[in-house]
Amino acid sequence: MRGEADGYGSDFLGSLIRAKNDADEKNRISVDNMIDECKIFYLAGQETTNGLLAWSVFLLSVHTDWQEKARKEVIGLFGQQNPNADDLARTKILGMIFNETLRLYGPVVNLLRKVKREVKLGKHILPADLEVYIPFVALHHDPDTWGRDVQLFKPERFAEGVGKATNNNITAFIPFGFGPRICVGSNFATNEAKITLSMILQRYKFKLSPNYVHSPFQMLTIRPQHGIQIMLQRL
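Keep in mind that this is a model prediction, so the values were computed, not measured.

(A) Here's a closer look at the pattern of salt bridges. Within the structure shown, the criterion is met by six salt bridges. Measuring nitrogen to oxygen at the nearest pair gives 2.6 Å for the salt bridge that ties Lys154 to Asp149. For Lys154, a relative accessible area of 25% gives the class partly exposed.

(B) Spatial organisation of helix α6 (residues 92-104). Between its first and last C-alpha atoms α6 spans 19 Å; for 13 residues at 1.5 Å apiece the expected length is 18 Å, and the two agree. For α6, a buried count of 11 out of 13 residues is recorded, marking the element as mostly surrounded by other parts of the structure. All of the buried residues along α6 are Ile93, Leu94, Gly95, Met96, Ile97, Phe98, Glu100, Thr101, Leu102, Arg103 and Leu104.

(C) Local environment of the environment of Phe178. Locating Phe178 in the fold gives a position in the loop between α9 (161-165) and α10 (186-203). Given a relative accessible area of 46%, Phe178 falls into the partly exposed group. Not counting residues up to four positions away in its chain, the partners in contact with Phe178 are Ile170 and Thr171.

(D) Up close: helix α4 (residues 64-78). Here α4 contains 15 residues, and its C-alpha end-to-end distance of 20 Å stays within 8% of the 21 Å for a straight helix at 1.5 Å per residue. Inspection of α4 places Trp66, Gln67, Ala70, Arg71, Glu73, Val74 and Phe78 among the buried residues, and these make up the whole buried set. Down the axis of α4, the buried side of the element spans an arc of 165°, and every buried residue falls inside it. Exposed residues pointing more than 90 degrees away from the buried face of α4 are listed as Lys72 and Gly76. With its phi angle positive at about 65°, Gly79 sits one or two positions after the end of α4.

(E) Looking closely at empty space enclosed by the protein. In this structure the tally under the stated criterion is one cavity of 30 Å³ or more. Reported here for the largest cavity is a volume of approximately 40 Å³. Broken down by element, the lining of the largest cavity gets its largest block of residues, four residues, from helix α3 (residues 31-62). Partitioned by chemical class, the residues of the lining of the largest cavity number seven nonpolar, three polar and no charged.

Criteria and cut-off values
Within each chain, residue numbers correspond to sequence positions counted from 1 in written order. This being a predicted model, a pLDDT of at least 70 is required before a residue's local features are given, and a value of 80 or more before pairs of side-chain atoms are given or counted; all residues contribute to the totals for chains, interfaces and linings. The basis for every side-chain value is the complete set of non-hydrogen atoms in the structure, without hydrogens or water. Criterion for a salt bridge: a side-chain nitrogen of Lys or Arg within 4 Å of a carboxyl oxygen of Asp or Glu. Relative accessible area decides the class of each residue, using a 1.4 Å probe on protein chains only: under 20% of the type maximum gives buried, over 50% gives exposed, and in between gives partly exposed. Labels follow the DSSP assignment, with helices taken as runs of H or I lasting at least four residues and strands as runs of E lasting at least two, numbered in each case from the N terminus. Given a helix with a known number of residues, its expected span is that number minus one, times 1.5 Å. Two residues qualify as a contact provided that any one of their heavy atoms is within 4.5 Å of a heavy atom in the partner residue. Throughout, the arc means the angular range of directions from the helix axis out to the C-beta atoms. Grid points spaced at 1 Å and placed over the protein atoms alone form the basis of the search, with a cavity being a set where a 1.4 Å probe fits but cannot get out and a pocket an open set showing protein on both sides within 12 Å along at least five of seven lines. Lining residues have an atom within 4 Å of a point. Grid points are joined across faces, edges and corners, and a volume is the space filled by probe spheres set on the points. Side-chain classes follow a simple rule in which Ala, Val, Leu, Ile, Met, Phe, Trp, Tyr, Cys and Pro form the nonpolar group, Asp, Glu, Lys and Arg form the charged group, and the remainder, Gly included, forms the polar group.

Note that every value here comes from positions in space, so none of it alone points to a role or purpose.
What follows is the structure in structure tokens.
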């Protein structure tokens, strides 16, 4: 592979270094561009992972039946050993829980996209340079897609995948965007959260503190304004 042959590697940082040294000036990026991309990747990755993990723990501390289901899966796959990549991909219950968490408390509330050229979208004609606002919260809480229980935490919605959960309207669930511009770190963030939650479930039971005040607010991502107070019980 070219990435290995040129010594830059095939990961995200290697791709940036390769772009900085590209022989074609039109494709070349500056050092400042490269630094900015690294900052965005780090910040966005940290924020989305923190949010996904925090809200997942919150929901499992309230819905302890799903906490026990997740713990049973984790212990069955990993025992008391640290999670490994092969078995991590087999965590169906965790995947359902994370999808439902992302639906209810997605990291981003909306997305802006600029129309490059005039295009027909359904019955509408979108002119070039138009900015399109995509409201994730509205899509993820639409009762026409998710049913009358749309406000409830029900991971079983995703038992047969996103297609079944959305009645084959997969673009109704886009916590990390969709298509060629989907967030490059979505799988990394999800796997990082799976590893962390698995290790918590191996060691502790947890429930919500009576001091907790539910107040989600937006500051770059959706986060708990007053934190999430959890009471841990060692297994």
